[in-house]
Amino acid sequence: MSATTTATKTLEATLAPPTAHKERRLRRTEATYRRALRDAFASGADTQTAVNDIVTDYDLSSYAKDALKQYVPQLRRTYDAEELAEDHPVRFTNRGWHLDHSPDRAHEFCWRVPQAGRGTSFWIPLRINPDQRELWDRLYDGDVTVGEFRLRQHRSSWTLHVTVEYEIEHPDTPDDPTPVGFDVGESSLLVGCAVEQGAPVDPLFVDGGRARHLRKEMHTTLKRLQERGAAEWRVDERFTHYQHALTDIVEKASRQAVEYARQFEDPVIVLEDLTYIRESLAYGKWMNRRLHAWAFARLQGRIEDKALEAGVPVEYVTAAYTSQTCHACGHVGHRDGDEFRCTNEGCWVTEYHADLNAAVNIADRLDPWGESLPLKPAGDDFPRDGSACDSTMGHREASREPRQTTLSAYSSETSSGSETSLVGSPAVHGG
């Protein structure tokens, strides 16, 4: 029987247009929360107790204050934030979550907005995305676990983000799998390749040019708008536009990856363990900034999410030398841009697509039996520590940390899709 794993998603809904009175209360809640956040952050508080001393006197619900006590220390310790943006959402802990449902209403679901004081909270209807209906029903029935929820204003509308967790079956790795390796990169957004009987088969290429162009254009556009003193709503509108465009690219690429893998018999998707990618990148300040701006792990996470929902197992392997080793003979070669060159004169490989070579190496590192495989490639005279625990197969439990993956709020003006924050960190944009 397959084991279960915890899936995490962020549901999104648009608040129905509030009355003038409720609109004032929403705005007052948002303004008070942001003042409390700024004051707590500016004080340098890095513990929950220190934050509590600052936010206690603010006219906020205990759920918003508790969220601040958790979030402000994270800004310091986890995100190394040096300043705050102005668009942080209002956060609430899950203790304050209340949802109502009635099929007789035009908007079936209603959310109770937490307010300071007893009996002051108020209800407001939600416009949910129909594609998320099942999870909203399960949320109301108590079949999924609610986490933090966040309220944000977008010019003339309000959105609610609710993080939920639920159990799904974790597919077993078959005894005789077809490994399908994926290399995520800057030039080629995604390169996948299955290995059948030891040979690469029918690779998949997803170009990264559009994503690079959008990130560059976004950086330039937002910088110019800020320099010109553009209105905050205008800057926010353009940022949202680029975020949605980048999200669309990631959602399509991850969907292509899973569809590609499913065409093979007993597929297992193999990904690099990029846990320490930020620490290991050393290409200079400019290149590091570009690579860090592109959330490699974010794309991998969406592949993993879709794969598990489709019943395709996912395994992680050590990333060392995947782009430097010849997939055919195992010797260390040279990578120059998109080209890999093998240095072994006896190898049939002379020049090969570098990302494809890496994808094949990733697939080849799948070890369904969990045995140790040699990490050091043939012809590699780099000094190693000689540890017997070196292994290409570093099996890792599927990470179910929140990826802030959301479906766009349903409206007559927008089409449904999935949204993943790609650019900036929570410390900057308040994700």
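Residues numbered from 1 in each chain as written. Predicted model: local features only at pLDDT ≥ 70, side-chain atom pairs only at ≥ 80, totals over all residues. Heavy atoms only, no water.

What follows covers the confidence of the model for the protein. A residue-level look at the protein finds 77% of positions with pLDDT of 70 or above and a mean pLDDT of 78. Below a pLDDT of 50 lies the segment residues 278-283, which in the model reaches seven contacts outside its immediate sequence neighbourhood of four places, other chains included. Across residues 371-431, where pLDDT falls below 50, the model places 175 contacts with residues more than four positions away in sequence or in other chains. (pLDDT = per-residue confidence, 0-100. Contact = heavy atoms within 4.5 Å.)

A separate point is the packing of aromatic side chains. Counted according to the given criterion, the structure contains eight aromatic pairs. Ring geometry for F92 and W111: centres 6.4 Å apart, planes at 70 degrees, overall edge-to-face. With F92 in strand 2 (residues 90-92) and W111 in strand 4 (residues 109-113), this pair connects stretches of sequence that are 19 residues apart. The same class applies to F92 and to W111, which are both buried. Relative to W136, the ring of F109 lies with its centre 5.9 Å away and its plane at 45 degrees, an arrangement referred to as tilted. Note that F109 is positioned in strand 4 and W136 in helix 4 (residues 133-141), a separation of 27 residues in sequence. By the burial criterion, F109 is buried, and W136 matches it. (Phe/Tyr/Trp six-rings, centres within 6.5 Å; stacked < 30°, edge-to-face > 60°. Helix = DSSP H or I, 4+ residues; strand = E, 2+ residues; numbered from the N terminus. Buried < 20%, exposed > 50% of the residue type's maximum accessible area, 1.4 Å probe, protein only.)

Turning next to the nonpolar core. Core analysis: the largest hydrophobic core is formed by 45 residues, its most contacted members being W97, W111, W136 and L139. Not counting residues up to four positions away in its chain, the partners in contact with W136 are L11, E12, A13, W97, L99, F109, L126, I128 and V162. (Core = buried A, V, L, I, M, F, W, Y, C linked by side-chain atoms within 4.5 Å.)

Axis separation between helix 1 (residues 20-42) and helix 2 (residues 48-55) bottoms out at 9 Å; the angle between their running directions is 130 degrees. Relative to helix 2, the element helix 1 is oriented oblique. When the axes of helix 1 and helix 2 are compared, the crossing they make is right-handed. On helix 2, the residues that touch A36, D39 and A40 of helix 1 are V51, I54 and V55. For the contact of helix 1 with helix 2, the residue count by class is five nonpolar, no polar and one charged. (Axes fitted to C-alpha atoms, helices over the stretch in contact; angles between N-to-C directions. Parallel < 35°, antiparallel > 145°, perpendicular 65-115°, else oblique. Left-handed = near helix turned anticlockwise from the far one by under 90°. Nonpolar A, V, L, I, M, F, W, Y, C, P; charged D, E, K, R; others polar.)

This next bit is on the sheet that holds strand 15 (residues 351-353). The three strands lie next to each other as 13-14-15, forming an open sheet whose pairing is antiparallel. Each end of this open sheet is capped by a strand with a single partner; those strands are strand 13 (334-336) and strand 15. The sheet shows a mean angle of 30 degrees between the axes of neighbouring strands, direction not considered. Note that strand 13 and strand 14 (residues 339-341) share three bridges and pair antiparallel. Looking at strand 14, one finds that D336 is bridged to E339. Packed onto the sheet, helix 10 (residues 354-364) meets strand 13, strand 14 and strand 15 and runs at close to 75 degrees relative to strand 15. (Pairing = 2+ DSSP bridges.)

With that settled, consider the packing of helix 5 (residues 209-227) against helix 6 (residues 232-262). Put simply, helix 5 and helix 6 touch, their axes get as near as 10 Å, and they point 175 degrees apart. The angle between the axes of helix 5 and helix 6 places the two elements in the roughly antiparallel class. On helix 6, the residues that touch R210, A211, L214, R215, E217, M218, T221, L222, L225 and Q226 of helix 5 are R234, V235, R238, F239, Y242, A245, L246 and I249.

Next up on the list: unusual backbone geometry. Phi angles above zero are rare outside glycine, and D202 is one such case at about 40 degrees. Even without a glycine there, the phi angle at Y321 is positive, about 70 degrees. Its location among the elements puts Y321 in the loop between strand 12 (314-317) and strand 13.

What follows concerns a negative patch on the surface. Together, D175, D176, E196, E265 and D266 give the surface a local cluster of negative charge. Note that D175 resides in the loop between strand 7 (157-170) and strand 8 (178-184). Residue classification places D175 among the exposed positions, given a relative accessible area of 69%. (Patch = residues over 30% accessible without salt bridge, like charges linked within 9 Å, V, L, I, M, F, W, Y side chains within 5 Å. Areas by Shrake-Rupley, 256 points an atom, 1.4 Å probe, with all protein chains shown as cover. Salt bridge = Lys/Arg side-chain N within 4 Å of Asp/Glu carboxyl O. Lys, Arg positive; Asp, Glu negative; His and termini not counted. Charge placed at Lys NZ, Arg CZ, Asp CG, Glu CD.)

Here the focus is the pattern of salt bridges. With the rule as written, the count across this model stands at 16 salt bridges. A salt bridge links E309 to K9; the nearest nitrogen and oxygen atoms lie 3.0 Å apart. One end of the pair, E309, is in helix 9 (residues 296-309); the other, K9, is in strand 1 (residues 3-15), with 300 residues separating them in the sequence. The partly exposed category is assigned to E309, whose relative accessible area is 48%. Notably, a salt bridge pairs R133 with D137, separated by 2.9 Å at the nearest N-O pair. In this pair, R133 and D137 both sit in helix 4, four residues apart, roughly one turn of the helix. By relative accessible area, R133 is classed as partly exposed at 29%.

Of all seven residues in strand 8, seven are buried; the element is thus mostly enclosed. Of the two faces of strand 8, the one lined by T178, V180, F182 and V184 and the one lined by P179, G181 and D183 are each fully buried. Strand direction decides the pairing type here: strand 8 and strand 11 (residues 267-272), joined by four bridges, are parallel. The residue bridging V180 from the neighbouring strand is I269, located in strand 11. Inspection of the sheet shows strand 8 paired to strand 9 (residues 188-196) by five bridges, in the antiparallel sense. Bridge pairing links G181 to C193 in strand 9.

Before going further, it helps to spend a moment on helix 5. Under the 1.5 Å per step criterion, the end-to-end length of helix 5 is 27 Å for 19 residues, consistent within 8% with the ideal 27 Å. Buried within helix 5 are the following residues: A211, L214, R215, M218, L222 and L225. The buried residues of helix 5 all sit within an arc of 110 degrees when viewed along its axis, so they share a single face. Exposed residues pointing more than 90 degrees away from the buried face of helix 5 are listed as K216 and E227. (Expected span 1.5 Å × (residues − 1). Arc of directions from axis to C-beta.)

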